[in-house]
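# Structural characterization, general
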Amino acid sequence: MSQGGYFHSVRLDLAKCKGCTNCIKRCPVEAIRVREGKARIMEERCIDCGECVRVCPNHAKYVVTDGLERLQDFRCRVALPAPAFYGQFRPDVPPGAVLAALLGAGFDGVFEVAVAAEAVTLATRAYLERGMPRAARPLISSACPAVIRLMQVRFPTLLPHIIPVETPMEIAARLAKEEMARERGVNPREIGAFFITPCAAKVTAAKQPEGSLVSSVDGVLSMSAMYAEVLRRLPDVDLSGELHRSSGMGIGWGAAGGEGRALGTGTVLAVDGIHNVVTVLEEVERGTLSDVDFIEAQACVGGCIGGPLAVQNPFISRVRMRRLVEEYGKRGPGVDEAEVRRRFRQGFFDMVKPIGPRPVLRLDEDVTRAIRKMDRLEKTLARLPGLDCGACGSPTCRALAEDIVRERAFETDCIFQLREHLEELAERMVQLTRIVPPALSRDKAPGGGGGGEPEDRG
Amino acid sequence: MVEELVLEFEVRGLDFAAVGEASGSIKRTLQQVGMEASLVRRAAVCAFEVETNIVIHARRGVVRARISPQRVVVEAEDEGPGIPDLELAMQEGYSTAPAYVREMGFGAGMGFSNMRRCSDHMEVSTEVGKGTRVRLVIEVGKA
Ligand code: SF4
Ligand code: SF4
């Protein structure tokens, strides 16, 4: 973690960045600027949505994950594959085979996050049965950490709408450790839980959780790296272990709409893609969605199968996920409902820490000064051309005006402003050439016939 | 030195696609200057209500936000039909919006009651055949 500061997991490889400005416009929180030919991520603003990872043509953006060597730090290790992992493989590869191959990659156990998703679904139902506070409708899912971080930065007034139930990733780590400690008689502290992630946001959620004080996830492995590990081991996998417990209810969470479908109650609005999420949250803020009970919002198009670390095309994995949901839809969940309800009452699923705002877009700590800066921002903006061309390295003219007010840029960073400036300067220079110093003007008196003088002088 | 920041937006009648642009900008600005979340929410609702009123009922109008460290004032002025019976219009659920507008989810007759609920002070003046002016004051520090 960066010293005492804010951790986030999307990084830039300076050597690969060409300063092309492709990324600056995609960022939903305007966290990227190009300065001196290289992109810069304003660390405290980044919500790890992964948009810039996807859009960079030079692959200069990457996601920091843990390496497999981290497994060595623990006596026992358990793998926690996200539901979306199943959708990465060919249709003839059942989840059981994926889990068995995963086990062979250096783990002592696997625990499906899909099973935890079932538990979270049942716990959420129990939460809803308590009756929801009227002010906080519609309720918003807590599952996608990029959406949670987006809300902290851009929609702080909506934070009370978030369902205070922990995420499947977190619950999976807790349940996996309990199970392994019980079965093997080891101390839970000697067990390392490794989440296999489709995205950057989950890495951040594990390293710097929002709803809990510490995460039970000890390491986060990239889905694309683990895909290769599993693929290699698939041909000689042992299927006798019956590792696959989850049903369609939990598997479905891997794709957009699955969480809401699993919940199966109330009016659900499912939205995917961070920019679409922004438009829906704007509606919630306006109070126009009173007919909706529950919002499932995911930063990635298609849901987690569209995560930046997924390998398969999300439209292809969507078909596969749908088939899996159908195939395992009839069997009961891999968790016991009465047990989930009992533990829900005990607070096992509760977020213990309220999710607070992160006002990083604020112009100044002091409102009076901020208002003055905003006034300057508006006036500066009025002078800019309003083309949002991005050539200055800021995503929009408004963002450049903001950067100027924050003293991170100059008005002449705008090429149109610079051109006007140069024009003025050029005119001034022409004028200057026409002013003749008195010492010379005697020689060049009318009729004196100095050659190089402008004709229109006078 | 500025003590008050004034934002002004033109709003055109029946331009439903643009509903929310003015109030959205006002909300973003309030957030950026660091106003408290509850105040931002109340001011945004006020701005949204006056903005939709212009779109539903008037030919055109302006929405203005005056922002100072002490208060936010949301103002609207329109060129429209005016309100013949203001007292009636202020009642919750009373709406003169045409059916097709209500089908779009606007004009449920909650406009004035929402404004009253979200502001600390409300003034409405109207003249039939001319237009309507609304002034809503939201004081800082009064949740
Ligand atoms: S990950 Fe998302 S929030 Fe972070 S810099 Fe990239 S686009 Fe912006
Ligand atoms: S939608 Fe899923 S994969 Fe994408 S950021 Fe959110 S949690 Fe991660």
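Residues numbered from 1 in each chain as written. Chains lettered and ligands numbered in written order. Predicted model: local features only at pLDDT ≥ 70, side-chain atom pairs only at ≥ 80, totals over all residues. Heavy atoms only, no water.

Moving on: the site of ligand 1. Around ligand 1 there are 13 residues in total, and Cys27, Cys46, Cys49, Gly50 and Cys52 of chain A lie nearest to it. Its residues placed into classes, the shell around ligand 1 shows 10 nonpolar, 1 polar and 2 charged. (Near = heavy atom within 4 Å. Nonpolar A, V, L, I, M, F, W, Y, C, P; charged D, E, K, R; others polar.)

Here we come to the packing of helix H2 (residues 95-103) of chain A against helix H7 (residues 223-233) of chain A. Each pair of packed helices can be summarised by the angle the axes make with each other and by the distance between the axes. Residue and element names in this part refer to chain A. Relative orientation of the contacting elements H2 and H7 amounts to 100 degrees, with a least axis distance of 8 Å. One finds that H2 runs roughly perpendicular with respect to H7. Residues Val98, Ala101 and Leu102 of H2 touch H7, and the partners they reach there are Met226, Val230 and Arg233. Of the residues contributing to the contact of H2 with H7, the split by class is 5 nonpolar, no polar and 1 charged. (Axes fitted to C-alpha atoms, helices over the stretch in contact; angles between N-to-C directions. Helix = DSSP H or I, 4+ residues; strand = E, 2+ residues; numbered from the N terminus. Parallel < 35°, antiparallel > 145°, perpendicular 65-115°, else oblique. Contact = heavy atoms within 4.5 Å.)

It is worth spelling out helix H14 (residues 397-405) of chain A at this point. H14 of chain A sits mainly inside the fold: 8 of its 9 residues count as buried. Where H14 of chain A is concerned, the buried positions are Cys397, Ala399, Leu400, Ala401, Glu402, Asp403, Ile404 and Val405 of chain A. Against the buried residues of H14 of chain A lie strand S2 (32-35) and helix H13 (367-383) of chain A together with helix H1 (21-32) of chain B. Positive phi appears at glutamate 407 of chain A, one or two residues downstream of H14 of chain A, with a value of about 60 degrees. (Buried < 20%, exposed > 50% of the residue type's maximum accessible area, 1.4 Å probe, protein only.)

All right, on to the packing of aromatic side chains then. Aromatic ring pairs are reported here in terms of the distance separating the ring centres and the angle at which the planes meet. All names here are of chain A. Inspection of the entire model under this criterion finds 5 aromatic pairs over all chains. Centroid distance phenylalanine 348 to phenylalanine 349: 5.2 Å. Interplanar angle 90 degrees. Geometry classified as edge-to-face. In this structure, phenylalanine 348 and phenylalanine 349 share a single accessibility class: buried. In this structure, arginine 174 is placed above the aromatic ring of phenylalanine 348, and the distance from its NZ or CZ to the ring centre is 5.9 Å. (Phe/Tyr/Trp six-rings, centres within 6.5 Å; stacked < 30°, edge-to-face > 60°. Lys NZ or Arg CZ within 6 Å of the ring centre and 35° of its normal.)

Attention now goes to the pairing of strand S9 (residues 219-222) of chain A. With burial as the criterion, each face of S9 of chain A is covered, one bearing Gly219 and Leu221 of chain A and the other bearing Val220 and Ser222 of chain A. Handedness of the crossover joining strand S8 (residues 191-197) of chain A and S9 of chain A through helix H6 (residues 200-207) of chain A: right-handed. (Right-handed = clockwise from strand over helix to strand, strands pointing away.)

We now examine the site of ligand 2. By nearness alone, every residue bordering ligand 2 is listed as Cys144, Pro145, Pro198, Cys199, Ala201, Lys202, Gln298, Ala299, Cys300, Cys304 and Gly307 of chain A. Looking at the shell around ligand 2, its residues break down into 8 nonpolar, 2 polar and 1 charged.

For the rest of this paragraph, the subject is the interface of chain B and chain A. Every contact between the two is made by 21 residues of chain B and, on the other side, 24 residues of chain A. Buried area between chain B and chain A, both sides added, is near 2,000 Å², and the carbon and sulfur share of it is 59%. Remark: the boundary between chain B and chain A carries 2 salt bridges. With a shortest N-O distance of 2.3 Å, lysine 27 of chain B and glutamate 285 of chain A are connected by a salt bridge. Where chain B touches chain A, the interface holds 4 residue pairs in polar contact (both at pLDDT 80 or more). Secondary-structure elements contributing two or more residues to the side of chain B that touches chain A are strand S1 (5-12), H1 and helix H2 (37-57) of chain B. Each residue belonging to the side of chain B that touches chain A can be placed in one class, and the counts come to 11 nonpolar, 6 polar and 4 charged. (Buried area = accessible area lost by both parts, 1.4 Å probe. Salt bridge = Lys/Arg side-chain N within 4 Å of Asp/Glu carboxyl O. Polar contact = N/O pair within 3.5 Å; in protein donor to acceptor, adjacent residues only side chain to side chain.)

All right, on to the pattern of salt bridges then. Pairs can form between side chains of opposite charge once their charged atoms are near each other. Summed over all chains, the structure comprises 43 salt bridges over all chains. A salt bridge links aspartate 403 of chain A to arginine 33 of chain A, with the nearest nitrogen and oxygen atoms 2.5 Å apart. With aspartate 403 of chain A in helix H14 and arginine 33 of chain A in strand S2, the pair connects residues that are 370 residues apart, well separated along the chain. A relative accessible area of 1% means that aspartate 403 of chain A is categorised as buried. Its relative accessible area of 4% is what places arginine 33 of chain A among the buried residues. Note that arginine 64 of chain B is salt-bridged to glutamate 8 of chain B, the shortest N-O span being 2.8 Å. One end of the pair, arginine 64 of chain B, is in strand S2 (residues 60-67); the other, glutamate 8 of chain B, is in strand S1, and 56 residues separate them in sequence. For glutamate 8 of chain B, a relative accessible area of 47% translates into the label partly exposed.

Now for the confidence of the model for chain A. Overall, the predicted model of chain A reaches an average pLDDT of 91, with 94% of residues at or above 70. A low-confidence stretch, residues 447-458 of chain A stays under pLDDT 50, and its non-local contacts, those more than four residues away or across chains, total 6 contacts. (pLDDT = per-residue confidence, 0-100.)

Okay, unusual backbone geometry next. In this structure, glutamate 36 of chain A is a non-glycine residue whose phi angle is positive, near 50 degrees. Position of glutamate 36 of chain A relative to the elements: it lies in the loop between S2 and strand S3 (38-41).

Turning our attention to a negative patch on the surface. Residues Glu420, Glu423, Glu424 and Glu427 of chain A make up a contiguous surface patch of negative charge. Structurally, the position occupied by glutamate 424 of chain A is in helix H15 (residues 415-434). (Patch = residues over 30% accessible without salt bridge, like charges linked within 9 Å, V, L, I, M, F, W, Y side chains within 5 Å. Areas by Shrake-Rupley, 256 points an atom, 1.4 Å probe, with all protein chains shown as cover. Lys, Arg positive; Asp, Glu negative; His and termini not counted. Charge placed at Lys NZ, Arg CZ, Asp CG, Glu CD.)

Here we take up the sheet that holds S1 of chain B. Two strands in a sheet stick together by hydrogen bonds in their backbones, pointing the same way (parallel) or opposite ways (antiparallel). Residues and elements named next belong to chain B. Across the sheet, which stays open at both edges, the 5 strands sit in the order S1-S2-S3-S5-S4 with antiparallel pairing between neighbours. Two strands close off the open sheet at either side, each with one partner strand: S1 and strand S4 (121-127). With strand direction ignored, the average angle separating the axes of adjacent strands in the sheet is 10 degrees. Strands in contact with H1 are S1, S2 and strand S3 (71-79); relative to S1, the strand with the most contacts, it is inclined by about 165 degrees. Its contacts with the sheet put helix H5 (residues 111-118) on S4 and strand S5 (131-139), and the angle it makes with S4 is roughly 145 degrees. (Pairing = 2+ DSSP bridges.)

Moving on: the nonpolar core. Residues and elements named next belong to chain A. Membership of the largest hydrophobic core comes to 130 residues, with the highest contact counts inside it found for Leu80 and Ile295. If you tally residues by element for this core, the top one is helix H3 (residues 113-129), at 12 residues. Excluding anything up to four places from it in sequence, isoleucine 295 contacts Pro138, Leu139, Ile140, Ser141, Leu269, Val271, Val280, Val284 and Leu289. (Core = buried A, V, L, I, M, F, W, Y, C linked by side-chain atoms within 4.5 Å.)

Within the fold, isoleucine 83 of chain B resides in the loop between S3 and helix H3 (86-89). When sequence neighbours within four positions are dropped, the list of residues in contact with isoleucine 83 of chain B reads Ala89, Phe112, Thr126, Val128 and Thr132 of chain B.

In this section: a nonpolar patch on the surface. Residue and element names in this part refer to chain A. Together, Leu213, Val214 and Val352 give the surface a local cluster of nonpolar side chains, amounting to about 340 Å² of exposed area. Considering the arrangement of structural elements, one finds valine 214 in the loop between H6 and S9. With relative accessibility at 66%, the residue valine 214 sits in the exposed group.

A few words now on the sheet that holds S9 of chain A. All names here are of chain A. Here 4 strands make up an open sheet; going across it, the order is S6-S5-S8-S9 and the pairing parallel. Two strands close off the open sheet at either side, each with one partner strand: strand S6 (109-110) and S9. The pairing of S8 with S9 spans 4 bridges and is classified as parallel. Following the sheet pairing, phenylalanine 195 is matched in S9 by valine 220. Across the sheet, helix H5 (residues 168-184) lies against strand S5 (76-81), S6 and S8, angled at about 145 degrees from S5, the strand it touches most. Seen against the sheet, H7 touches S8 and S9 and runs at an angle of roughly 70 degrees to S9.

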